[in-house]
Amino acid sequence: MKMRKIAFIGCGSMAEAMISGIIANNYVQADQITIMNKNNHERRMEMVDKYGIRATTDYHQLLQDASIIVLAVKPQHIFEALSAAKPFINKKKLILSVAAGITTHTIEDIIGEAIPIVRSMPNTSAAVGKSATAMSMNSHTSERQIKTAKELLETFGNAIIVEEAQLDSVTGLSGSGPAYIYYLVEAMEEAAAKIGLDQTSAKALIVQTLSGAAEMLQQSPKSPATLRKEVTSPGGTTEAGLQVLQAHKVNEAIMDCIIAASEKSKQLGKKLTAEAK
Ligand SMILES: NC(=O)c1ccc[n+]([C@@H]2O[C@H](COP(=O)([O-])OP(=O)(O)OC[C@H]3O[C@@H](n4cnc5c(N)ncnc54)[C@H](O)[C@@H]3O)[C@@H](O)[C@H]2O)c1
C-alpha cells in the first residue's frame, strides 16, 4: 500500500467510480484520500460515510500534503476550480486530470507554471474495476510520475498510454462508450417486454449475452465480423434481425455517434482554452 495522499477536486460520478476502485485495490488507505466539491455538503458526507475517506471545503487543507491531485470537475468548471487551487499547486505535485477535452497545455496555462500533468480518459466502469482508460502526459512529467499515474489508473481497470492528440478520439470511443452500450440495452429491454419476456428474465439474458460476447471478443482470435457470421445462419433469425439494423443504417449511426462525441471533446477543449486566455 502506498503512503501518498490523493486529493480529488470534484466528487461526482467519475470521482466516485475511481475512488471505489482505488480503495477496493488497497492502493492507498481510505483516509489518505480527501475530496472536495463545489458546495454539496450532503454529497461529501455521503462519500465520507460510504468509503471512509476525508472531505474538506478548504483548498489549503485539501492540497497541502497531497502528492496527486485528481481533477474531476466538468470541463466548464476547470478554470474556476484550478484558479482557486493554484496557490497550493507546485511542481512536486502530480495533476491527474480526467476532464474531457482539456489539454495539459491549458491546465499549465491556468496554473502558470511548468508542472507535471497526466491527462487521462477513464470510463465509469471504473466502479467495478473495468475501466478502459487511456492516458498521456506533458513533458514535465517524470518516468516515476508516469508509473505512479498508470498504477493508480490500473487499480480500476486497464490503462494504456497514447499521444495526447488521440485523447479526444478515446473520449468519443471508450470514455462515452458505456453510455452507447446502456442505450442498446435499454432498447433490448423495451423490445423484450414487447415480445412477452418478463423484466427479470430479460435482464439476465441480455447481461449474459453482452458479457459472453465481450469474452468472445477478448478470447477468440476471430474478427467481430467472423463472430457475427457464425451467429447468422443463412435464412435464419439473426439474418432477419440484422437486415433491419442495416435498413436503419445502424452502423453509420454508431460511427457518426462516436465521431460527434470526439468532435465535442475537441470543442470543449478549444472553448476553455479561449476562455482561459
Ligand atoms: N462521467 C463519465 O462517464 C466520465 C468519464 C470520463 C471522464 N469524465 C470527466 O470527469 C469529469 C467529472 O465528470 P462527472 O461525470 O463526475 O461530473 P459530476 O457533475 O458528476 O461531478 C462534478 C463534480 O465537480 C464538482 N465541482 C464543480 N465545480 C467545482 C469547483 N469549482 N471546485 C470543486 N469542485 C467543483 C461538483 O460539485 C461535482 O462534485 C468531467 O470533466 C468529465 O469530462 C467523466
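Keep in mind that this is a model prediction, so the values were computed, not measured.

With that out of the way, let us pick up the site of the ligand. Lining the immediate environment of the ligand, one finds 22 residues, of which Cys11, Ser13, Met14, Val73 and Ala100 sit closest. A distance of 3.3 Å separates an oxygen atom of the ligand from a polar side-chain atom of Lys74. Take Glu80: an N or O atom from its side chain is 3.2 Å from a nitrogen atom of the ligand. Calculation on the ligand without its partners gives an accessible area of 830 Å², and the protein chains cover 82% of this total. Comparing atom positions with the cavity grids shows the ligand to sit within the second largest pocket. Residues of the shell around the ligand, tallied by class, amount to 13 nonpolar, 6 polar and 3 charged.

Of the strand pairs in this sheet, strand β7 (residues 131-137) and strand β8 (residues 157-161) are connected by 5 bridges, and their pairing is parallel. Residue Ala134 lies in a different strand from β8, and its bridge partner there is Ile160. For the segment spanning β7, helix α6 (residues 143-153) and β8, crossover handedness is right-handed.

Bringing the packing of helix α7 (residues 167-175) against helix α8 (residues 177-194) into the picture now. Contact geometry for α7 and α8: axes closest at 5 Å, N-to-C directions at 30 degrees. With respect to α8, the axis of α7 lies roughly parallel. Only Gly177, Pro178 and Tyr180 of α8 make contact with α7, whose side of the interface consists of Gly172, Leu173, Ser174 and Gly175. Of the residues in the contact of α7 with α8, the class split is 3 nonpolar, 4 polar and no charged.

This part covers a nonpolar patch on the surface. Residues Ile181, Tyr182, Leu184, Met188 and Leu210 make up a contiguous nonpolar surface patch of about 430 Å² in total accessible area. No other element matches the 4 residues that α8 contributes to the nonpolar patch. Here Met188 shows up in helix α8. Judged by relative accessible area, which is 32%, Met188 ranks as partly exposed.

The sites that UniProt annotates as "domain: Pyrroline-5-carboxylate reductase dimerisation" (unreviewed entry) are residues 164-268. Here residues 164-268 is 82% helix and 0% strand, with 15 Å between the C-alpha atoms at its ends.

With that out of the way, let us pick up the sheet that holds strand β4 (residues 68-71). Ordered in space as β3-β2-β1-β4-β5-β6-β7-β8, the 8 strands form an open sheet in which the pairing is mixed. For this open sheet the edge positions go to β3 (54-55) and β8, each flanked by a neighbour on one side alone. With 4 bridges connecting them, β4 and strand β5 (residues 94-97) associate as parallel partners. When the sheet's bridge partners are listed, Ile69 is paired in β5 with Ile95.

What counts and how
Residues numbered from 1 in each chain as written. Predicted model: local features only at pLDDT ≥ 70, side-chain atom pairs only at ≥ 80, totals over all residues. Heavy atoms only, no water. Near = heavy atom within 4 Å. Polar contact = N/O pair within 3.5 Å; in protein donor to acceptor, adjacent residues only side chain to side chain. Areas by Shrake-Rupley, 256 points an atom, 1.4 Å probe, with all protein chains shown as cover. 1 Å grid on protein atoms, 1.4 Å probe; cavity = no way out; pocket = protein on both sides within 12 Å on 5 of 7 lines; lining within 4 Å. Sits in = over half its atoms within 2 Å of the grid points. Nonpolar A, V, L, I, M, F, W, Y, C, P; charged D, E, K, R; others polar. Pairing = 2+ DSSP bridges. Helix = DSSP H or I, 4+ residues; strand = E, 2+ residues; numbered from the N terminus. Right-handed = clockwise from strand over helix to strand, strands pointing away. Axes fitted to C-alpha atoms, helices over the stretch in contact; angles between N-to-C directions. Parallel < 35°, antiparallel > 145°, perpendicular 65-115°, else oblique. Contact = heavy atoms within 4.5 Å. Patch = residues over 30% accessible without salt bridge, like charges linked within 9 Å, V, L, I, M, F, W, Y side chains within 5 Å. Salt bridge = Lys/Arg side-chain N within 4 Å of Asp/Glu carboxyl O. Buried < 20%, exposed > 50% of the residue type's maximum accessible area, 1.4 Å probe, protein only. UniProt positions renumbered as here; feature names shortened; annotations may be inferred.

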